[in-house]
Amino acid sequence: MLKTLWEYILKLFGRNKTDTTDSDLTSNATYASQFENAEEVNFTAIFAAKMTTLSVSESTADIVGENARVAFLDECAVDMWAKIKRITSRMLGTGGCAVVPYVQDGAIHFDVLTQDRIMIHEKQGDKITSATVLADSVTQNNVKYYRWTDYKIENETIFITNRVTNESGKDEFIEQWEGIEDRAITGVDRVLFAYLKSPVDNRQFSDFYGVPITYGCDSIIAEIKECMSQIQDEYNLKTVKVFADERMFQKDPKTGKYIMPSKLFFAAHGNDTDTMLETFSPDIRDSSYYSRLQYLFELLERAIGTSKGVLTAPETRGATATEIKAGLYDTYAMIGDIRTVIENGTRDYIYACNVLANYYGLSPQGEYDVAFDWSYSLIESSTETWAQLKDAQAMGIKSKVELRQWMNPNETYDESQSMIDEIKKNEPTLSDLGIG
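We now turn to the structure provided with this report. Remember, predicted model here, so these are calculated numbers, not experimental data. (Residues numbered from 1 in each chain as written. Predicted model: local features only at pLDDT ≥ 70, side-chain atom pairs only at ≥ 80, totals over all residues. Heavy atoms only, no water.)

**Some points on the sheet that holds strand S8 (residues 183-186)**
Next up, step 1: As summarised here, the arrangement of the five strands in space is S4-S5-S6-S7-S8, forming an open sheet in which the pairing is antiparallel. Edge positions in the sheet fall to strand S4 (118-124) and S8, since each of these pairs with one other strand and no more. Looking at each pair of strands side by side, their axes are set apart by 15° on average, direction ignored.
Next up, step 2: The pairing of S4 with strand S5 (residues 127-140) spans six bridges and is antiparallel. Each residue of the ladder has a partner; that of Gln124, found in S5, is Lys127. (Pairing = 2+ DSSP bridges. Helix = DSSP H or I, 4+ residues; strand = E, 2+ residues; numbered from the N terminus. Axes fitted to C-alpha atoms, helices over the stretch in contact; angles between N-to-C directions.)

Rendered as structure tokens:
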């Protein structure tokens, strides 16, 4: 439906051309539908969730500087980072995801849109300079309405235009979106939203849009589902059955059928041995099926580019950080690519928030920078790291404050220094007392 709507929307905004093809629209809609499928085992969602957790857990993004604008943008970053798992999972699951900020009641909010709701018209390098997004939708009186936002940059000025349509693409008006205004903002070199594109290679000449993390693995996934179905059939066909002499059961006076104590029992006319009960319990060929399933799981992990540990049991690792990293190198390399995408997307989002803050006068202007603190717990040995930190502190290249912050990451520099001073006062060492 959206593919048909896009044709009307382009005319609505006076768009004569776009670099997004019909094939792009179809693929993006398919990726989104497959990712949202909750009716069966969804391997795209499984891998997206796992790699999201490994990539962003225990990590932060901060706005660096000392002015009112830094404080304002840091709040924007905190709000975005609160949903970074959702953003990253959708990016990996559908191929791409947009974080679109907007201003309401003097505050910046944002929508998270999968790439099937984005039409990219033009790019300059990696910067999107012209695009249309399906920003929001609402149903009123059994009619669905869509709010579309068009972005176009000309001579470093971005023109942002909003339109509302019904499901047929007809221009409409609803009171809910009455206050959203069109804008023209100068000094801008990219659209005012962040587009995070999956780092997975689409193996095509054009790379306007990303592809899901399981792209190109459809045949392996189909084999896995077939094997899982075979296992289920094997268990169903070889369920224990008990054949009992019909003389053991009473008949239902209404139906004339034997009353069975459970579904496992079946009435029989007896046999040559004249036994009253005979059990049917054949061996289940689970080992062969599960060996094949395990092989297919490993094959899917290799095809996607991760180490063991997503669908299969992780490999036994050594104790040192080097040994841990070697055992997880493929997964660690993909995490690095995902984090690069997140860093670029976060910077684009903060850039958009900064432009909107200037335009609406939401805070005094000021310089800022974006810093990221990524967790490396996946490949670190805490014992080895702590030993290195203590050696560094003894050599005078690390402070006690840094060591304490490593142990208590939620403490600020001042809080850590205060605790160190208090400990030194209440529990002085021999060197502190001038002894030894």
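**What about the packing of helix H3 (residues 43-56) against helix H9 (residues 329-360)?**
Next up, step 1: The N-to-C vectors of H3 and H9 enclose an angle of 75°; their axes lie 9 Å apart at closest approach. In terms of orientation, H3 lies roughly perpendicular with respect to H9. On H9, the residues touching Met51, Leu54, Ser55 and Val56 of H3 are Thr331, Met334, Ile335, Ile338, Arg339 and Ile342.
Next up, step 2: Residue classes in the contact of H3 with H9 are distributed as seven nonpolar, two polar and one charged. (Parallel < 35°, antiparallel > 145°, perpendicular 65-115°, else oblique. Contact = heavy atoms within 4.5 Å. Nonpolar A, V, L, I, M, F, W, Y, C, P; charged D, E, K, R; others polar.)

**Quick notes on the environment of Val138**
Next up, step 1: Locating Val138 in the fold gives a position in strand S5.
Next up, step 2: When its relative accessible area of 17% is taken as the criterion, Val138 is described as buried.
Next up, step 3: Distance in space between the C-alpha atoms of Val138 and Asn166 is 9.8 Å, their sequence separation being 28 residues.
Next up, step 4: Each residue touching Val138, except ones within four places of it in the same chain, is listed here: Val143, Lys144, Tyr145, Ile174, Gln176 and Trp177. (Buried < 20%, exposed > 50% of the residue type's maximum accessible area, 1.4 Å probe, protein only.)

**Description of the sheet that holds strand S2 (residues 96-104)**
Next up, step 1: Taken together, the three strands give an open sheet; going across it, the order is S3-S2-S9, and neighbouring strands pair in antiparallel fashion. Each edge of the sheet is formed by a strand with only one pairing partner; in this case those strands are strand S3 (107-114) and strand S9 (194-197). On average, adjacent strands in this sheet sit at an angle of 20° to one another, irrespective of strand direction.
Next up, step 2: Bridge count between S2 and S9: four bridges; the pairing is antiparallel. Across the sheet, Ala98 pairs through a bridge with Tyr195, a residue of S9.
Next up, step 3: Helix H5 (residues 84-94) rests against S2, S3 and S9 of the sheet, and its axis sits at about 140° to S2.

**Some points on unusual backbone geometry**
Next up, step 1: We note that Asp105 has phi near 55°; this positive angle belongs to a residue other than glycine.
Next up, step 2: Relative to the helices and strands, Asp105 is located in the loop between S2 and S3.
Next up, step 3: Taking relative accessible area as the criterion, Asp105 reaches 77% and is therefore assigned exposed.

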